Each structure stands twice: as C-alpha cells, then as structure tokens.
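Take a look at the letters that make up each chain.
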Amino acid sequence: MLRSGGLVAFPTETVYGLGADASNDAAVARVFSVKGRPTDHPLIVHLADAEQLDDWAADVSPTAHLLADAFWPGPLTLLVERSSSVSLAVTGGRSTVGLRVPDHTVALELLRAFGGGIAAPSANRFGRVSPTTAAHVVADLGDDVDLVLDGGACRVGVESTIVDLTGELPVVLRAGGISVDRLEEVLGHVVEVHVSAEPSESGARAPGMLEAHYAPEARIILSSEHDVINAVNDALAAATGRVGLLAPTVLVGLSEDVVELEPAGTADDYAAVLYSRLRQADRLGLSVLICVPPPNVGVGLAVNDRLRRAAASSR
Ligand code: TXA
Ligand code: MG
C-alpha cells in the first residue's frame, strides 16, 4: 500500500500515525489534504533504526547521536538539518527534518518491511484530538485512509517530545513521552523548554503547536483538586448541558449531578488515557469537562500542556 502511494495508519507507542512513503510527494500531499493541514506544517519521518539517521540528516552532531542512541526506539523526535535527498514536501519547505524511531512492534515491522522512511502526522483531522486506538482513526478519517493497522491502545498516549537540535543548544519544542528530566540526565545539562505557540527569542517554535489543538467538543475547565468542588458546582449552575469530571483519583464531596469519568491515575496512566477520555466526553455529549491535571512532572508535563491547550481553545 505504501509503495503504491497509499495512506496507511499505524500504531506507535505515542499515538496512531497517518503514514505515507516519505519519498513520494503525491502520497505526502494526500496526507496534508486528508488531515486538512496547512502544507507548511512539516511531517515527522519515521525510521526503522538509529543507523538511518545519517541517510536523512546532514552533518549529524554528536548530540543527535547521543540522544538517538539513548532514546530510540522511543517517543523522541529530533529536529535536524535535512539531507538533500529529503523532500521539501515533507519538511514544509524547511531545511530541517523531524526524525524518530517509534517503539512499537507493528510500527517497526512495517518500517522494516517497507525499507524507507514513513512520513506520518498523528492520524486525526487537523486540530482534533490525536487517536490512541484504531477505532479513533476510523472514526476520524473513515474511508480517507487506505489501511488501518490495529495494534491496540497506545502505551504512552501523548505525542513524542520534540527536541530542536539545529541551534547552539537543544531546545524542547513539544513536551511529550520523554520527560525533560531524562533528556537532561543524558545530556548532562539543563535543557531549555519552549513549548508556547509564540516564537522564542531565537525564533524556535514547532509550527502546529497552536493553542487551538487537542480540543474536544466539550468545553475544558481546569481545576486543582483543592478547588474542584467549587468548580463543579459553578459549572453545574452555569452549564446548559451535562458536566463531567476527569481527575487522577476518585474525589469525595462532589455533587451527584456530575458525570465522573474513570479516574486517570498517575501521570503516566493519565497520559495513556487522556485522549480517549476526551473523546469519551464527546460521546457522552458533555458540554463541560472539568479536568484536575496530574502533577506537572515527568510525562505529566505533556498532559498539563495538552490540557492547557484544550482549555484555552474551548474558552
Ligand atoms: O508521537 C508523535 O510524534 C506522533 C507519532 C505518529 O509519531 N506524530 C505526531 O506528528 O505527533 P504531528 O504531525 O501531529 O506533530 C508533529 C509536530 C508538528 O507540530 C510539526 O509542525 C512539528 O512536529 N515538526 C515536524 N517537523 C518539523 C520541522 N522540520 N521543523 C519544525 N517542526 C517540525
Ligand atoms: Mg498532531
């Protein structure tokens, strides 16, 4: 399917990807049109192993090799200068390319059997919640995708961490499955994190990190555990529809009128279930979902980031 220019959705440890042959410009163009995504938002190229780094990137730095060796296969995307053979259709016209080796048996077997790089964004329509099951992909993309490989629910549940290696020092442009702490451990120094939609002083920013991303239909309101009883009561008084709650644990003292989604657990567990809970809120027809985020450490950083964006875009 990939060799004939088709689109194949496949599971990774983070979220499902909508894959196309990275060397086929027509197939890559179809990814953009199916997603409804602006063509200047570059796609990540997925590779079978770290040895392919030198085929896809130019002048690979020791830092790039260090991070690839430490974290691949895994939820880390490296932004590096593209090698001249990488199509500008994939990179959105940029001189850089995002590369990663996913940590999922199905994805790796697909990559090995195919042999080339697979360009893949998350397999959702532009601006919507990323899919973490094959059923999510089918619900979002229907017949617009030629084949969906079902690998079950994604283990990590939030997208890869994106590290920009094209400047003097590494900069995290998207919080994700690899925590900043683990990056700092391997690099041996503090790493700048710049995940806002605004460009940093150096101009670094991941296009596509729009505040309007990751939003379900339900309006998202963030609350600390401490304030949650008031937040629930205020929402019940103000809302025209049903009010739901997503929290790490079961909370006591809440109004019986609130629809409690199954608790999301630790930061890692929360990441794994976040996107399916947001979709569940829509299936239940909730008009408001109050979210108590997990602690803002480790993968919790990515969960807090996605919840903040979802809340900002549904205000
Ligand atoms: O976990 C993931 O990374 C998933 C799975 C499928 O691998 N993929 C994913 O892709 O989240 P996508 O396209 O939804 O998000 C990739 C982000 C976008 O914000 C894109 O703009 C940015 O990475 N990106 C990719 N290549 C880039 C480049 N050369 N320069 C700047 N940003 C880049
Ligand atoms: Mg995406």
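Just so it is clear, the model here is predicted, and its values are computed rather than measured.

**Observations regarding the overall build of the protein chain**
Scanning the protein chain from N- to C-terminus turns up ten helices and 14 strands. Relative to the 2.2 N^0.38 estimate, which gives 20 Å for 315 residues, the radius of gyration of the protein chain is 19 Å and therefore close to what a compact globule would have. When the backbone C-alpha atoms are referred to their principal axes, the protein chain occupies close to 60 × 45 × 30 Å. In the protein chain, which comprises 315 residues, the proportion classed as buried is 55%. Of the contacts made within the protein chain by residues no fewer than 6 positions apart, 65% connect residues no fewer than 24 positions apart. For the protein chain, the computed accessible surface area is about 13,200 Å², with 50% contributed by carbon and sulfur atoms. Positive and negative charge centroids in the protein chain, built from 23 and 40 side chains respectively, lie 6 Å apart.

**Some words on the domain arrangement of the protein chain**
Domain boundaries assigned for the protein chain yield domain 1 (8–202) and domain 2 (219–313). Centre-to-centre separation of domain 1 and domain 2, based on C-alpha positions: 28 Å. If you look at the interface, domain 1 gives 20 residues, while domain 2 gives 14 residues. For the domain 1 and domain 2 pair, buried surface summed over both sides reaches about 1,400 Å², with 56% attributable to carbon and sulfur atoms. For domain 1, the biggest contributors to the area lost against domain 2 are V129, V158 and A175; these three give 33% of the whole. Counting across the domain 1 and domain 2 interface gives two salt bridges. Residues E159 and R306 are paired through a salt bridge, measuring 3.0 Å at the closest nitrogen-oxygen approach. Per-class residue counts for the side of domain 1 that touches domain 2 are nine nonpolar, seven polar and four charged.

**Re helix 10 (residues 300–313)**
Compared with an ideal rise of 1.5 Å per residue, which puts 14 residues at 20 Å, helix 10 spans 20 Å between its outermost C-alpha atoms and is within 8% of the ideal. Counting buried positions along helix 10 yields ten of 14 residues, so the element is predominantly enclosed. Buried residues of helix 10: G300, A302, V303, N304, D305, R306, L307, R309, A310 and A311, and no others. The secondary structure elements touched by the buried residues of helix 10 are strand 9 (171–174), strand 11 (219–222), helix 9 (267–283) and strand 14 (286–291).

**Description of the pairing of strand 14**
Across the six residues of strand 14, five count as buried, placing the element largely inside the fold. Note that strand 11 and strand 14 share four bridges and pair parallel. Paired with I221 across the strands is I290, a residue of strand 14. When strand 12 (residues 242–246) meets strand 14, the two strands line up parallel, connected through five bridges. Note on strand 14: the bridge partner recorded for G244 is L289.

Rules used throughout
- Residues numbered from 1 in each chain as written.
- Chains lettered and ligands numbered in written order.
- Predicted model: local features only at pLDDT ≥ 70, side-chain atom pairs only at ≥ 80, totals over all residues.
- Heavy atoms only, no water.
- Helix = DSSP H or I, 4+ residues; strand = E, 2+ residues; numbered from the N terminus.
- Rg over C-alpha atoms; globule rule 2.2 N^0.38 Å.
- Buried < 20%, exposed > 50% of the residue type's maximum accessible area, 1.4 Å probe, protein only.
- Contact = heavy atoms within 4.5 Å.
- Areas by Shrake-Rupley, 256 points an atom, 1.4 Å probe, with all protein chains shown as cover.
- Lys, Arg positive; Asp, Glu negative; His and termini not counted.
- Charge placed at Lys NZ, Arg CZ, Asp CG, Glu CD.
- Domains from an automatic or database assignment.
- Buried area = accessible area lost by both parts, 1.4 Å probe.
- Salt bridge = Lys/Arg side-chain N within 4 Å of Asp/Glu carboxyl O.
- Nonpolar A, V, L, I, M, F, W, Y, C, P; charged D, E, K, R; others polar.
- Expected span 1.5 Å × (residues − 1).
- Pairing = 2+ DSSP bridges.

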